[in-house]
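# Architecture and fold: a report
The primary structure of each chain is shown beneath.
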Amino acid sequence: MLNLNMISKLIKYVANVTLAAVMLFSASSSFAATFESQLSMDGQSLYLNGEGPRKKAFIKLYDTALYLTEKGSDAEAIVAADHAMMISIVVKSKLVTAKRITEAFVEGLEKSTGGNLLPIKAEMNSFLSVFEAGVAKGDHFDFLYAPNKGTAISKNGTAEKTIAGLNFKQALFGIWLSKDPIAKKLKAQLLGQ
């Protein structure tokens, strides 16, 4: 039978658990990346199509957003399209290092191309060199594709390099949107599903 002292302890315990849950929720929501709903790049309007976190073993590695000139949900068409579009990522974990992100991009490009990296080998190596200077929590990378120009890569708002070729853009965007994406749930979120 519960006495008054036990009931008091139980109420305090429930209150502490509730407070901890509220604090945890507030902290986790404050760490979410905020992506603009619309951007203007070189006079072209791009609209937020979808966004979501990349997680591994329950750890949020980075937040991702897909921007298109018109909203779409056909992943194959988006990957194949020779239209302006952008993938944006914000690093959310100290576990994302230059070495790990390089390995993850190589793995993603292998999946995206069905293991056939040879046609984009030079472009891939140029792309991966962007991460050699280091990667830290809070870093923001944009991969902006423009027809006839290529994929412009920027880090924290500073232009790093542009990699020519639709083939490379298709492989890069395929990391998240191909038939074999790095994360199916993230693919659906980027497609607004």
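The shown structure was predicted, so the numbers you read here are calculated from the model rather than taken from an experiment. (Residues numbered from 1 in each chain as written. Predicted model: local features only at pLDDT ≥ 70, side-chain atom pairs only at ≥ 80, totals over all residues. Heavy atoms only, no water.)

Counting secondary structure elements, the chain contains six helices and seven strands. Start at the N end of the chain and walk to the C end: the helices and strands fall as α-β-β-β-α-β-α-α-β-β-β-α-α. Expressed as a percentage of its 193 residues, the buried residues of the chain come to 39%. Counting only contacts in the chain whose residues sit at least 6 apart along the sequence, the fraction spanning at least 24 positions is 58%. For the chain, the exposed surface amounts to about 11100 Å²; the carbon and sulfur share of it is 57%. (Helix = DSSP H or I, 4+ residues; strand = E, 2+ residues; numbered from the N terminus. Buried < 20%, exposed > 50% of the residue type's maximum accessible area, 1.4 Å probe, protein only. Contact = heavy atoms within 4.5 Å. Areas by Shrake-Rupley, 256 points an atom, 1.4 Å probe, with all protein chains shown as cover.)

Here we come to the environment of Phe143. Position of Phe143 relative to the elements: it lies in strand 5 (residues 140-146). Residues Phe143 and Ile153, spaced 10 residues apart in sequence, show a C-alpha to C-alpha distance of 4.8 Å.

Ile89, Phe105, Phe127, Phe143, Leu172, Trp176 and Leu177 are the most contacted members of the largest nonpolar core, which has 41 residues in total. At the level of secondary structure, the elements contributing two or more residues to this core comprise strand 3 (59-68), helix 2 (75-80), strand 4 (85-91), helix 3 (98-112), helix 4 (121-128), strand 5, helix 5 (166-177) and helix 6 (184-190). If you tally residues by element for this core, the top one is helix 5, at seven residues. The contact partners of Phe105, leaving out residues within four places of it in the chain, are Ile89, Phe127, Leu128, Phe131, Phe143, Leu172, Ile175 and Trp176. (Core = buried A, V, L, I, M, F, W, Y, C linked by side-chain atoms within 4.5 Å.)

Here we come to the confidence of the model for the chain. Scored by pLDDT, the chain comes out at a mean of 85, with 83% of its residues at no less than 70. Note on residues 14-32: pLDDT is under 50 here. Beyond four places in sequence and across chains, it has five contacts. (pLDDT = per-residue confidence, 0-100.)

The next subject is helix 5. Taking 1.5 Å per residue, 12 residues should reach 16 Å; helix 5 reaches 15 Å between its end C-alpha atoms and fits that length. Among the 12 residues in helix 5, nine count as buried, and that is most of the element. (Expected span 1.5 Å × (residues − 1).)

The next point concerns the packing of helix 3 against helix 4. Here helix 3 crosses helix 4 at 155 degrees, and the two axes come no closer than 11 Å. In terms of their interaxial angle, helix 3 and helix 4 are classed as roughly antiparallel. The two elements helix 3 and helix 4 cross, and the hand of that crossing is right-handed. Contacts between helix 3 and helix 4 pair Thr102, Phe105, Val106 and Leu109 from the former with Met124, Phe127 and Leu128 from the latter. Grouping the amino acids of the contact of helix 3 with helix 4 by side-chain chemistry returns six nonpolar, one polar and no charged. (Axes fitted to C-alpha atoms, helices over the stretch in contact; angles between N-to-C directions. Parallel < 35°, antiparallel > 145°, perpendicular 65-115°, else oblique. Left-handed = near helix turned anticlockwise from the far one by under 90°. Nonpolar A, V, L, I, M, F, W, Y, C, P; charged D, E, K, R; others polar.)

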